[in-house]
Structures are given as structure tokens and as C-alpha cells.
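Tertiary structure, described
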Amino acid sequence: MNCVQCHDPHGFDIMKPARGLAMARLNESCAECHREQAKPHVFEHEALRDGCIVCHQPHGSVNPKMLVERDNNLCLKCHAQTHSTSGEIYIGKEPHGAHLALGGCWSAGCHTAVHGSNINPHLRY
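Position numbers for residues start from 1 in each chain and track the written sequence from start to end. Given that this is a predicted model, residues contribute local features only at a pLDDT of at least 70 and side-chain atom pairs are listed and counted only at 80 or more, while totals for whole chains, interfaces and linings are drawn from all residues. Note: side-chain values were computed over all heavy atoms of the structure, leaving out hydrogens and water.

**A few points about unusual backbone geometry**
If you check the backbone angles, K65 has positive phi at about 55 degrees while not being a glycine. Residue placement: K65 occurs in the loop between helix 3 (47-50) and helix 4 (73-76). For K65, a relative accessible area of 68% translates into the label exposed. Backbone geometry places M66, a non-glycine residue, at a positive phi of 55 degrees. Comment: elements are numbered from the N terminus, with helices defined as DSSP H or I runs of at least four residues and strands as E runs of at least two. Relative to the helices and strands, M66 resides in the loop between helix 3 and helix 4. Throughout, exposure labels follow a simple rule: accessible area from a 1.4 Å probe, protein chains only, divided by the maximum for the residue type, with under 20% read as buried, over 50% as exposed, and the rest as partly exposed. On the basis of relative accessible area, M66 is assigned to the partly exposed category, the value being 37%.

**Section: the pattern of salt bridges**
Salt-bridge detection follows one rule: a side-chain nitrogen of Lys or Arg within 4 Å of a carboxyl oxygen of Asp or Glu. On inspection of all chains with the given rule, the structure shows three salt bridges. The closest approach of N and O atoms between E36 and K39, which form a salt bridge, is 2.9 Å. Judged by its relative accessible area of 53%, E36 is exposed. Among the salt bridges present, the one from E69 reaches K77, with a minimum N-O distance of 3.4 Å. The class for K77 is exposed, based on a relative accessible area of 53%.

**Quick notes on the environment of G92**
Relative to the helices and strands, G92 resides in the loop between strand 5 (89-91) and strand 6 (94-95). Residues G92 and H79, spaced 13 residues apart in sequence, show a C-alpha to C-alpha distance of 6.0 Å.

**A closer look at the state of the cysteines**
When two cysteine sulfur atoms are found within 2.5 Å, that pair is recorded as a disulfide. Tallied over the entire structure, the rule returns zero disulfides. A disulfide-free cysteine, C105 has its sulfur positioned 3.4 Å from the sulfur of C75, the nearest such atom. Just so you know, C110 is unpaired, no disulfide at all, and the nearest cysteine sulfur is the one on C105, 8.0 Å from it.

**Some points on the sheet that holds strand 6**
Only strands joined by at least two bridges in the DSSP assignment are considered to pair. Taking strand neighbours across the sheet as the criterion, the three strands line up as 4-5-6 in an open arrangement whose pairing is antiparallel. In this open sheet, the two strands that pair with only one neighbour each are strand 4 (81-83) and strand 6. As judged from the three bridges shared by strand 4 and strand 5, these two strands associate in the antiparallel manner. Directly across from Q81, in strand 5, lies its bridge partner I91.

Printed below as a string of C-alpha cells:
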């Protein structure tokens, strides 16, 4: 991997802004190598619409998989955690209290298809 795979320092590629990151093609640039993650899904994770950099740091990260956050904090940036009057913890409209003890959203085995799923709207394989 090198800089010119994403950056065009001389502006020859009309799809890339001169001397800059190809923001219009950011997901497509990632998809050139990460085909499996970029293919269409019946149940798409909405974050993909905003681009790979919502969750991943393309220049590297101290976190696994170049994630911008190392744990559930990444998911909770978009998926709000609330408490009901009975004390149950909800993420979105679903009760999650019993699931939180199992670990992270994907590491616990709950939402393993983080880029999208063809069989389950809750991002499961």
C-alpha cells in the first residue's frame, strides 16, 4: 500500500481532487482491496453510506482493524444507549442489558456482519 493509491499528488485523475484525497471515491478506493466488505447487502449497515472513515482510520490506528475506537464506544457514537424507567439498558429500541455482559457488539457474536447482512436486519450472518 502506498500514498498514490488514495492520493493524487499531481491531479491527473479527474475523479480525484488535485493533490488531495479522492473523497468522491473514498469507498470505491477502499473497495479495490476490501471487496468482501464493500459488496452490496440486503441489510446494509447505514454507516457505510457515510463512508469507511466513519469507523476506520485509513492512515492507521492503535486499535485493531484500524478502527477509530477500540470497543463499544465506536457503536455508541451512532447507536444511542438509554435507560428505561425499570432500569433496563436499551440500545436503539432493543433491550441490551443481558447482552452487554457478553462483550462488545461484534466480539460477543451478536452483530458479526458489521458491514451488512443478506439474511438478518440486525447484522448477523
